[in-house]
Structure formats: C-alpha cells, structure tokens
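Report on the structure
Next come the chains, spelled out residue by residue.
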Amino acid sequence: QVQLVESGGGLVQAGGSLRLSCAASLRTFGSYAMGWFRWAPGKEREFVAAIPWRGTTHYADSVKGRFTISRDNGKNTVYLQMNSLKPEDTAVYYCAAGRCLSSQCSSTSPYDYWGQGTQVTVSS
C-alpha cells in the first residue's frame, strides 16, 4: 500500500514562510515525478509545482519566484519551500506521485498516488 504523508502546514501571516514535506512509501521513489497541488474552497484543484525524476522543475505562474520544490531521494521525501506567502495561497496542499516530464506534470492525470493533504492558512 503506497502512502504519501504531507506535513508542515499551519497558520502564518502574510509575508511569512512555511516548508511542506511529503514522505512517500514508494520503493522506486527516485523514478517518480512528484508534484504539489492545492485546493481552496470554491475553487478547482490547482497545480503548484512539480519535480520530475529527471529534467527541470515546473511551477505555476502564481508561485514562481516564491515557492521552491526539491526532493531527497535518499529520504523518499519531496519538499515545498513557500516564501512571501499571500492570503490567496490559503488552501489544502496535496502531494502526488506519478510518471511525467516537464509541463506534463502540471496536469493531475499523470499522478497515480495522492496524499491526504495539509492545510495552509495565510492571514492578512
């Protein structure tokens, strides 16, 4: 049973920072692309960032320059460093694992496994 477990969410003031982590119980973690998506009430699920097993990272325009995705294959973990947070970043953040490269990873369809989500709330 594959599990993705997110952590690191919470309440932060606008302009602050949070670091999300996602630990995956995938035997071949290094061969998966990892993505972060978010879902706010009344909105559709939104792509945030992705890091393929090879190649470059990919970000939504709304978070470029503020968020950084990274991975540690030795720890089966992907991270999302979020700086200069804005109230509109408030959402439940989900990590996902799948097979994709580059811009393909901004769609939900390549992802086979999803975590339960962690709440991020940014106050103004």
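Throughout what follows, the structure given in this document is the object of discussion.

Counting its secondary structure elements, the protein chain contains zero helices and 11 strands. Along the protein chain, helices (α) and strands (β) appear in the sequence β-β-β-β-β-β-β-β-β-β-β when read from the amino end. The globule rule puts the C-alpha radius of gyration for 124 residues at 14 Å, and the 13 Å found for the protein chain is close to it. Once the C-alpha set of the protein chain is aligned to its principal axes, its extents read approximately 40 × 25 × 25 Å.

Okay, unusual backbone geometry next. Even without being glycine, N76 reaches a positive phi, approximately 50°. Secondary-structure assignment places N76 in the loop between strand 7 (67-72) and strand 8 (77-82). Not every positive phi belongs to a glycine, and S102 is a case in point at roughly 50°. For S102, the position within the fold is in the loop between strand 9 (91-98) and strand 10 (111-114).

Going through the model one piece at a time under the given rule, you end up with four salt bridges. One salt bridge connects E46 with R38, and the closest N-O pair in it is separated by 2.8 Å. Owing to a relative accessible area of 31%, E46 belongs among the partly exposed residues under this scheme. Classification of R38 as buried rests on a relative accessible area of 5%.

Structurally, the position occupied by S109 is in the loop between strand 9 and strand 10. As for S109 and S17, which are separated by 92 residues in sequence, their C-alpha atoms are 29 Å apart. For S109, the side chain forms a polar contact with the side chain of S107, separated by 2.9 Å.

When we look at a pair of aromatic rings, we describe it by the centre distance and by the angle of the planes. Counted by the stated rule, this structure contains five aromatic pairs. Taken together, F37, F47, Y111 and W114 form an aromatic cluster joined through their ring pairs. Above the face of the W39 ring, R45 is positioned so that its terminal group lies 5.4 Å from the ring centre.

The side chains of a regular strand alternate between both faces of the sheet. Residues of strand 1 (residues 4-7) alternate between two faces, with L4 and E6 buried on one and V5 and S7 left unburied on the opposite face. Here four bridges tie strand 1 to strand 3 (residues 18-24), and the two strands are oriented antiparallel to one another. By the bridge assignment, L4 is partnered in strand 3 with A24.

As for its placement among the helices and strands, R71 is situated in strand 7. Within the buried set, R71 has no salt-bridge partner at all; the shortest N-O distance to an opposite charge, 8.4 Å, is to D72. Engagement of the side chain of R71 in a polar contact is seen with the backbone oxygen of Y32, the distance being 2.8 Å. At 2.8 Å, the side chain of R71 forms a polar contact with the side chain of N73. With near-sequence residues (within four places) excluded, R71 lies in contact with F29, G30, Y32, A33, M34, I51, P52, W53, T77 and V78.

Reading guide: rules and limits
- Residues numbered from 1 in each chain as written.
- Predicted model: local features only at pLDDT ≥ 70, side-chain atom pairs only at ≥ 80, totals over all residues.
- Heavy atoms only, no water.
- Helix = DSSP H or I, 4+ residues; strand = E, 2+ residues; numbered from the N terminus.
- Rg over C-alpha atoms; globule rule 2.2 N^0.38 Å.
- Salt bridge = Lys/Arg side-chain N within 4 Å of Asp/Glu carboxyl O.
- Buried < 20%, exposed > 50% of the residue type's maximum accessible area, 1.4 Å probe, protein only.
- Polar contact = N/O pair within 3.5 Å; in protein donor to acceptor, adjacent residues only side chain to side chain.
- Phe/Tyr/Trp six-rings, centres within 6.5 Å; stacked < 30°, edge-to-face > 60°.
- Lys NZ or Arg CZ within 6 Å of the ring centre and 35° of its normal.
- Pairing = 2+ DSSP bridges.
- Lys, Arg positive; Asp, Glu negative; His and termini not counted.
- Contact = heavy atoms within 4.5 Å.

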